[in-house]
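Listed below, chain by chain, are the residues.
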Amino acid sequence: MLTALINHLARRPAPPAPVADPDALRATPLGPLVGFADQRGTHAWLGIAYAQPPVGSLRWKAPRAPLAWREPKAALAYGPIAMQFAGETIGAPESTWGSIVGSEDCLTLNVRAPRMTPVEARLARLPVMVWIHGGGNTVGTAAAYPVLRNLAGHDQVLVVSLNYRLGIFGWFSLAELASDGDTPEDRSGNFGTLDIIAALNWVRQNIASFGGDPDNVTVFGESAGALNVYSLLASPLAKGLFHKAIAQSPLTLSNTVEQARSGHALGSRALLERWRCAPDALRARPAAELLAAIVPGPLGFYDTPQLLRDGVVLPLAPMQELFTDTKRYNAVPLIIGSNRDEYKLFMAKNPEFVRMVFGKVPLIRDRAAYERYARYMSDLWKAACVDQQAASMVASGNADVWVYRFDWDEHPDLPFIHPPVLLGANHALEMAFVMRDVDGELDPFRCVSKSNRAGRQQVSDAMGDYWTSFARHGAPKAGAALPAWRRWRNQADADKLMLFDSDAGGGVRMDRLQLDPEALGRALDADPAFQPQERVKLYARMFRWSAFVEPISAAQFSSFARRHGQDRGADEFRPTSWP
């Protein structure tokens, strides 16, 4: 059933082919582009190259500036998706899941703007929002978000979305690939990060031609896209290219160069053994052959080293350390937050927690255990990746930090499946609300119904208003009917975050909730709801194997396990799926 809920993109009828609109002709510094009139009173330009194709000798190199042209070029179709395994996130038919799709020639972006004439565009200087898609940095595409037009049309902003290199093509470090003419960026291994920075450079140089203000740019992203927002805060190469940031359900993952080479199951040394290929021949191997050496997990994800702390693109210190000192990161105004039931999305098809009837319908095995596991894992995500980072940034002197939690969970309650329990306020659900989609265009979980429209409209209006006012003015504000969203403060009795829910769930309101990983560990240690083995397993999943915190040592885990009468190693509880 979840497959049917998620895999909506593949079933949507194809829209009519766009037709070039003379009013959408824009003279950019690189050459003239013509777009088309889109819905919501907008213009769109799709598939614009922001760098040269990273193919052949440019595989695993920093992106090169795009070449100029003279004649008007039509920008009417999305560019190719990046190399990846097909899955739900790109709307691939179920029969193709796990197959290799995409192209290395993927470095394109899309621009959506209020409909204007060329003369009006030159004078407009509207706020710019740059969307970075998620997908574990191994899957995904900007083409999945046409609803970004809603922000452009409703809020009079420009919205840019982009593709970037993913997985082993985006983050890969092997010393033998270096050559004499390489730049430090070429040697960094951070090609996906450099792609995003290249797109921001394109925005800096070209967006005024579309009506945007290059001095008022907000980056925003979800999940791995939010992790990439964090990487932009950390990267000295991104300084000055954006002025505000929004991280929706971020992670704080990064790796040392040594980990990326020899300290990971999919590090470059391990992959080189699988490929059975000399390093100097790797750039000639077909991309699909390289990717075929990996077995994907659910959704097409795979766990590969990413965001490499090379000392050039990213500092040598972890992001969590950088965020304690405003001199060590790009301390711009920031919104960060998470969803109350983030982790349920990754449990809802996992046979450890559900049984699939007819291979399609997920039925929860043990509702109480399901809720306990989801609560602790979701709370750890918030504690480690949102609250700790907000507290550090504010303590470091960046007072302009706002935090939220998304709580809306009013899915239609289907018999047996019970999506309000199975999914709740799950990971990725908030995107449609931020993008003002109440009609169900971005509805991967099939939560849209007439009965919940009023509540969805209420939350979507609030989030859309706060997000775009932040992009415009540097502070999230909304109409008089909504509460003032106060900045995060570290005082114990201070309001900390905005909760987003409909009136049925308590409404949009401020709250003092703050979570801490160590406190969650102590709570799990003492929680009377757990039997010893369940408790120890969850402790291993949270603090040894999760993507949210630096892993504890085997000795630390063993100490916890023995205290609860379990003489077992953490490896016994290693999950089979990521994250």
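Residues numbered from 1 in each chain as written. Predicted model: local features only at pLDDT ≥ 70, side-chain atom pairs only at ≥ 80, totals over all residues. Heavy atoms only, no water.

**Q** Help me understand the overall build of the protein chain, please; the structure alone is not making it clear to me.
**A** Within the protein chain, the secondary structure is distributed over 18 helices and 19 strands. Against the 2.2 N^0.38 benchmark of 25 Å for 579 residues, the protein chain shows a C-alpha radius of gyration of 23 Å, consistent with a compact globule. Based on the C-alpha atoms only, the size of the protein chain along its principal axes is roughly 75 × 65 × 55 Å. Taking all contacts inside the protein chain whose residues are at least 6 apart in sequence as the whole, residues at least 24 apart take part in 74%. As displayed, the protein chain offers around 21,900 Å² of accessible surface, 53% of which is attributable to carbon and sulfur atoms. The distance from the centre of the 61 positive side-chain charges to the centre of the 60 negative ones in the protein chain is 1 Å. (Helix = DSSP H or I, 4+ residues; strand = E, 2+ residues; numbered from the N terminus. Rg over C-alpha atoms; globule rule 2.2 N^0.38 Å. Contact = heavy atoms within 4.5 Å. Areas by Shrake-Rupley, 256 points an atom, 1.4 Å probe, with all protein chains shown as cover. Lys, Arg positive; Asp, Glu negative; His and termini not counted. Charge placed at Lys NZ, Arg CZ, Asp CG, Glu CD.)

**Q** Where do I start with the domain arrangement of the protein chain in this structure?
**A** Interface size is commonly expressed as the accessible surface area that is lost when the partners come together. Split into domains, the protein chain comes out as domain 1 (1-332) and domain 2 (517-573). Distance from the C-alpha centre of domain 1 to the C-alpha centre of domain 2: 36 Å. (Domains from an automatic or database assignment.)

**Q** Would you explain helix α18 (residues 554-563) in this entry?
**A** Every α-helix carries 3.6 residues per turn, so stepping three or four residues along brings you back to the same face. Among all positions in α18, only F557, F560 and A561 are buried. Looking straight down α18, one finds its buried side chains confined to an arc of 100 degrees; they lie on one side. Away from its buried face by more than 90 degrees, α18 exposes A555 and R562. In this fold, the buried residues of α18 make contact with α16 (517-526) and α17 (532-543). Downstream of α18 by one or two residues, G565 has phi in the positive range, about 75 degrees. (Buried < 20%, exposed > 50% of the residue type's maximum accessible area, 1.4 Å probe, protein only. Arc of directions from axis to C-beta.)

**Q** Sorry if this is basic, but what is going on with the side chain of H564 here?
**A** For H564, the position within the fold is in the segment after α18. Side chain to side chain, H564 and D525 meet in a polar contact 2.4 Å long. (Polar contact = N/O pair within 3.5 Å; in protein donor to acceptor, adjacent residues only side chain to side chain.)

**Q** It is not clear to me how the side chain of H264 should be interpreted in this structure. Could you clarify?
**A** Considering the arrangement of structural elements, one finds H264 in the loop between α7 (257-262) and α8 (268-275). A polar side-chain atom of H264 sits 2.9 Å from the main-chain amide nitrogen of L266. Those residues in contact with H264, other than ones at most four positions away along the chain, are Q259, A270, D303, T304 and P305.

**Q** Is there a simple way to think about the pattern of salt bridges in this case?
**A** A side chain of one charge can pair with a side chain of the opposite charge if their charged atoms are brought near each other. For the structure on display, the rule yields 34 salt bridges. A salt bridge links D38 to R149; the shortest N-O distance between them is 2.9 Å. In this pair, D38 is assigned in strand β2 (residues 32-38) and R149 in helix α3 (residues 149-155), connecting sequence segments 111 residues apart. The class of D38 is buried, set by a relative accessible area of 12%. One salt bridge in this structure joins R568 and E572, with 3.1 Å as the shortest N-O distance. Taking relative accessible area as the criterion, R568 reaches 24% and is therefore assigned partly exposed. Each of R340, D341, R375, D379 and D409 takes part in one network of salt bridges that share partners. (Salt bridge = Lys/Arg side-chain N within 4 Å of Asp/Glu carboxyl O.)

**Q** Mind showing me how you'd approach the pairing of strand β18 (residues 497-500) here?
**A** Every other side chain in a regular strand lies on the same face of the sheet, so the side chains alternate between the two faces. The two faces of β18 match: L497 and L499 on one face and M498 and F500 on the other face are all buried. Sheet topology note: the strand β17 (residues 401-406)/β18 ladder contains 4 bridges and is parallel. The partner of F406 across the bridge, within β18, is F500. Examined bridge by bridge, β18 and strand β19 (residues 509-511) share 3 bridges and lie antiparallel to one another. Bridge pairing in β19 links M498 to M510. (Pairing = 2+ DSSP bridges.)

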